[in-house]
Amino acid sequence: FHVSNHCAPSDVRWAAQPRPNLAMNGDVGAVIFSVECAKTLPGESIYVVGSHEALGAWETAKAVPLATNAATFPVWQSDKVTLPLGQKVEFKYAIWSGSSAAGAKWESFTGNRSVEAAGSVLTVSAAWDNSATTTTTSSGEGEKVPEPAGLIKEDGTLNRTMSGCRIFQAEMEAITESLETRDPMRRNFSQTLLNLAVVEPEEPESAQPAAGAAAGGAQVVMQAPMDDENQDVLDVPEAPLTRGVALNHIASFSALTEMAVPEVKTAARKQRKGAQYEPFNLSVPVVIVTSEIAPYSKSGGLGLVAASYSYEFARNGHRTMAISPKYTHYDGIQYIGETRVRVGGQDQLVKYWHLFKDFGDGKGCDFIFVDHPVIGRGGGLYNDDNGREYGDNLLRFTLLSAAALEAPLVLSPGGYPYGDKVVFLANDWQAGLVPLYLCYKYRKHNVYSQSRCMYVIHNLGYQGKYHGVNACEFFGIEHGASADVLVGDCVNLTKGALICADRVLTVSPNYAREIQTREGGFALEEYVRGKAHGLRLSGILNGIDDVWNPDTDSKIFKNFSVDDFVEGKRENKAHLQQMLGLHQDPNVCLVGFVGRLTWQKGVDVIAEMIQWLMDDTGNGVTGRVQLIMMGNGEERYASSLRWAENTFRGRACGYVGFDPKVEHQMMAGCDLFFMPSRYEPCGLPQMYSQQYGTLPVVHATGGLVDSVVDLSAGLETATGFTIPYMSVDRAKEVLYKAMDLFHHKPEDFRLMQHNAMMTDFYWPQAMDQYEQNIDYTLYDPPCQR
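Residues numbered from 1 in each chain as written. Predicted model: local features only at pLDDT ≥ 70, side-chain atom pairs only at ≥ 80, totals over all residues. Heavy atoms only, no water.

In this section: the overall build of the chain. For the chain, the count of helices and strands is 19 helices and 31 strands. Evaluated residue by residue, the chain yields a buried proportion of 59% over its 785 residues. Excluding contacts between residues fewer than 6 apart, the proportion of contacts in the chain whose partners are at least 24 apart in sequence is 72%. With the model as given, the accessible surface of the chain reaches about 30300 Å², and the carbon-plus-sulfur share is 48%. (Helix = DSSP H or I, 4+ residues; strand = E, 2+ residues; numbered from the N terminus. Buried < 20%, exposed > 50% of the residue type's maximum accessible area, 1.4 Å probe, protein only. Contact = heavy atoms within 4.5 Å. Areas by Shrake-Rupley, 256 points an atom, 1.4 Å probe, with all protein chains shown as cover.)

Pasting the structure below:
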């Protein structure tokens, strides 16, 4: 195995090095290297290293990069490499993560591959970890190698700082993708996630999906295909109808969560510890800018969180305005005004509609809806009925940001304007132009000089990326400002927001750390680190709504509190088992899962564990378990749920679909809640479950780290179990430990349940941190560009 003797040292800098300059004549030929590999993770790339100097002469620092894109993944392909004719050249492939500490991951078979160049262009194809190769020849004319999904840059090549960040055009050509090769559905997703495979199930004609159709008929995004695409099809009976509520245009089940009315919130909060921080700037209005807000528009968790902002800031005492698009006409809204903004090289007329919601005690929120002919759609908020992104989304959300900045100045809800001293809370890429416009269009003219903008990242994977846009003309900004929003010829709204925001917030402290890394930063980690170094980055765990309270929850079979949870959970468990067709047995450990059936949620891990869970091998743990899995998404995973239910009748329930009421009942009746998500910026179900004494078993990522205290911290404080890194074996190990505790140490298990129910993840605790950050932001000088 020659490569092992030529691996780069741990501190080697991998880069796309210049290839030897061999003239194309009768003594040389061109070779294209192609390998099928679905094992790469976001941020990783594949290289070919070989015995000839054109392949690095076994020096990994001079390796040849391969590329892939959304259309060709999992096939990776190199550009043409010039090799001498008639000479046997050995080579091998390696996966490189960009981390010097991690090093390269080589193919595992013994020995190396080999190739001899021919007179015509030779393509040598292989599958990862399979030593067999095939070769094809062509004239080479008209062939196009996929544009790279991202090259590994040499450390130190780019000195990216927040004070003077200008990236070379050559790098931009390497890390951006042409509009022609990118699927429109994924145009706004991070470049480093190009290995996503989007499955678009056919929409059934009737309201009920036909057997075998993908559950819910909604777009499904899956991070990587199964390792074996030719695996045997599960032998399952005809698929049942999808259960629960309609899921069209729903990206997250959080969008279907109901929120408590103000009266219920007020009553619930009298029983809990209130806010602990005394804000200094309650007199400063808060202006929330968001592309969705419940109950008017919602496709995921953002709509739920934005609705919570509108209530919480108002209840704290801020004059509060929430600005979102007017996708359709909403009951009770009234025309309040209009203005003109310059977008796309034209003066655009936008109209504003208003609704005031009273939250009691004279406090409430002004809901402002931005109206323009391009905003309303017949499909979803961002995509049409076929899951394709609307072609004018950049125009739609540029109008939102431009109109939002004018609203506090030109509108007078309640009889007087908000004025030019406010705090803008801009959410995700759809509002990413708010901080940029604030810097370049308003402060330079002494408007909003006392205002600040906090930019909230809910998921950095979605960045608002658009190609071929003349940024100066489209956004109406000068050349210096366009540099802040451009990555090569690609507009990136999140980049502009990160640079220009006065403060950046994320939805959990651990996620704020993760997005500073290459693995979690989706090619923007340097900008995030710049904010962190300037002490302008914070992570705040999202709060949960007061509706998640076992003492008052109207959806569960029997209410209970921390004082009587043992009996309360026993009754809820029995009713849940009966309702879902499981054997009524209080002595089994009832494990629940709720989520999208995608790779990101770890459903493939669960599928591989089902048989192991159900087999009674005499250890007193496995085999003494029941499993409830509820979700919709990728059909192969839906088939796994149906297979489990039909194979283990009375012991497993595969609920393909979603019902918010069943989710509440699972939180109340299950003993464990399994959440093996591969990444999760915040996560809410693990917090819901703890309020009901259902212990979460989670992967140690994102907000799951911040909200679950592992058993290793001690029984006195533990609230759940964490899987340190995601693999089937580690997931089995941790879940086994949790089930073993349930069966053999019930008193310890009940102590952990008590600890979990005593946690407080409700919004008042989160609002203390938001108010602190508002104070910090107002006292700090504004971002100047």
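Attention shifts here to the packing of helix α2 (residues 262–269) against helix α3 (residues 301–316). Packing of α2 against α3 leaves a shortest axis separation of 13 Å and a crossing angle of 60°. The orientation of α2 with respect to α3, classified from their angle, is oblique. As for the relative orientation of α2 and α3, their crossing is right-handed in sense. Note on element contacts: α3 touches α2 through Tyr-311, Glu-312 and Arg-315, opposite Pro-262, Lys-265, Thr-266 and Arg-269. (Axes fitted to C-alpha atoms, helices over the stretch in contact; angles between N-to-C directions. Parallel < 35°, antiparallel > 145°, perpendicular 65-115°, else oblique. Left-handed = near helix turned anticlockwise from the far one by under 90°.)

What follows covers the side chain of Ser-482. Turning to its location among the elements, Ser-482 is positioned in helix α7 (residues 479–485). A relative accessible area of 3% means that Ser-482 is categorised as buried. Sequence-distant contacts of Ser-482, that is, excluding residues within four places in its chain, are made with Ala-471, Cys-472 and Ile-477.

On to the sheet that holds strand β22 (residues 486–487). Paired through their backbone hydrogen bonds, the strands of a sheet run either parallel or antiparallel. The 3 strands are arranged β21-β23-β22 in an open sheet whose pairing can be described as antiparallel. In the strand order of this sheet, the two ends are held by β21 (465–467) and β22, each with one partner. One ladder, built from 2 bridges, connects β22 with strand β23 (residues 490–492); its direction is antiparallel. Directly across from Leu-486, in β23, lies its bridge partner Val-491. Contacting β22 and β23, helix α8 (residues 493–500) crosses the sheet at an angle of about 50° to β23. (Pairing = 2+ DSSP bridges.)

Below, the discussion takes up the sheet that holds strand β20 (residues 452–457). Within the open sheet, the 9 strands sit side by side as β16-β17-β18-β15-β14-β19-β20-β24-β25. Their pairing is mixed. A strand with exactly one partner marks an edge of an open sheet, and here the two such strands are β16 (334–343) and β25 (537–539). When strand polarity is set aside, the average angle formed by the axes of neighbouring strands in this sheet is 25°.

Attention now moves to the pairing of strand β9 (residues 121–127). For β9, a buried count of 5 out of 7 residues is recorded, marking the element as mostly surrounded by other parts of the structure. Pairing geometry for strand β1 (residues 28–36) and β9, over 6 bridges, is parallel. Across the sheet, residue Val-31 finds its bridge partner in β9, namely Leu-122. A loop of 5 residues connects β9 with strand β10 (residues 133–138), the two strands running antiparallel in sequence, and Asp-129 in this loop sits at a positive phi of about 70°.

Turning to the nonpolar core, a few remarks are in order. Counting 142 residues, the largest nonpolar core has Tyr-309, Phe-313, Ile-323, Phe-424, Tyr-437, Phe-475 and Ile-628 as its most contacted members. With 10 residues, the single largest contributor to this core is helix α4 (residues 393–410). One finds Met-609, Ile-610, Phe-648 and Val-728 within the second-largest nonpolar core, a separate group that totals 44 residues. (Core = buried A, V, L, I, M, F, W, Y, C linked by side-chain atoms within 4.5 Å.)

Before going further, it helps to examine the environment of Arg-730. Among the secondary structure elements, Arg-730 is positioned in helix α17 (residues 728–744). Along the sequence, Arg-730 and His-699 sit 31 residues apart, while their C-alpha atoms lie 9.8 Å from each other.

What follows is about the pattern of salt bridges. Using the criterion set out here, one finds 21 salt bridges in the structure. Between Asp-546 and Arg-269 there is a salt bridge, with its nearest N and O atoms 2.9 Å apart. Taken together, the residues span a long stretch of sequence, with Asp-546 in the loop between β25 and α11 (565–579) and Arg-269 in helix α2 at a distance of 277 residues. Residue classification places Asp-546 among the buried residues on the basis of a relative accessible area of 1%. Salt bridges sharing common partners tie together Lys-265, Arg-269, Arg-272, Glu-312, Asp-545 and Asp-546. (Salt bridge = Lys/Arg side-chain N within 4 Å of Asp/Glu carboxyl O.)

One can find Pro-74 in the loop between β3 (64–65) and β4 (75–77). Judged by its relative accessible area of 18%, Pro-74 is buried. For the pair Pro-74 and Lys-39, spaced 35 residues apart in sequence, the C-alpha separation works out to 8.6 Å. Every residue in contact with Pro-74, bar those within four places of it in the chain, is listed here: Val-35, Glu-36, Cys-37 and Ala-38.

On to the packing of aromatic side chains. Here the structure, examined in full by the defined rule, presents 24 aromatic pairs. With centroids separated by 5.0 Å and ring planes inclined at 70°, the aromatic side chains of Phe-33 and Phe-91 adopt a geometry described as edge-to-face. Of the two residues, Phe-33 sits in strand β1 while Phe-91 sits in strand β6 (residues 88–96), which places them 58 residues apart along the sequence. An aromatic cluster is built from Tyr-296, Tyr-330, Phe-367 and Phe-369, whose rings are joined through pairwise contacts. Here the guanidinium or amino end of Lys-357 rests over the ring plane of Phe-367, the centre of that ring lying 5.6 Å away. (Phe/Tyr/Trp six-rings, centres within 6.5 Å; stacked < 30°, edge-to-face > 60°. Lys NZ or Arg CZ within 6 Å of the ring centre and 35° of its normal.)

Mean pLDDT over the chain works out to 83, with 80% of the residues at or above the 70 mark. Predicted confidence for residues 1–26 stays below pLDDT 50, and this span has 58 contacts to residues more than four positions away or in other chains. In this model, residues 141–241 is a region of pLDDT below 50 whose contacts with residues beyond four sequence positions or in other chains number 233 contacts. (pLDDT = per-residue confidence, 0-100.)

This part takes up helix α18 (residues 746–757). Helix length check: α18, at 12 residues, gives a terminal C-alpha distance of 16 Å against a target of 16 Å (1.5 Å per residue), a fit within 8%. Buried residues along α18 sit in contact with α11, β29 (672–675), α15 (685–691), β30 (695–699), β31 (721–723) and α17. (Expected span 1.5 Å × (residues − 1).)

Moving on, we get to unusual backbone geometry. A cis amide bond, omega 15°, links Phe-73 with the succeeding residue Pro-74. A cis amide bond, omega 5°, links Ala-294 with the succeeding residue Pro-295. In this structure, Pro-295 sits in the loop between β14 (286–289) and α3. Even without being glycine, Tyr-448 reaches a positive phi, approximately 60°. Among the secondary structure elements, Tyr-448 is positioned in the loop between α5 (433–442) and β20. Since its relative accessible area comes to 0%, Tyr-448 is described here as buried. Not every positive phi belongs to a glycine, and Ala-523 is a case in point at roughly 75°. Relative to the assigned elements, Ala-523 resides in the loop between α9 (509–514) and α10 (525–533). Classification of Ala-523 by relative accessible area gives partly exposed; the value is 33%.

Their axes nearest at 11 Å, the elements α11 and α18 cross at an angle of 95°. Judged by the angle between their axes, α11 and α18 are roughly perpendicular. Judged by residue contacts, Phe-565, Val-566 and Lys-569 of α11 engage Arg-750, Gln-753, His-754 and Met-757 from α18. Among the residues making up the contact of α11 with α18, the classes are represented as 3 nonpolar, 2 polar and 2 charged. (Nonpolar A, V, L, I, M, F, W, Y, C, P; charged D, E, K, R; others polar.)

An ideal rise of 1.5 Å per residue puts 16 Å on 12 residues; helix α12 (residues 603–614) measures up with 17 Å between its terminal C-alpha atoms. Inspection of α12 places Val-603, Asp-604, Val-605, Ile-606, Met-609, Ile-610, Leu-613 and Met-614 among the buried residues, and these make up the whole buried set.

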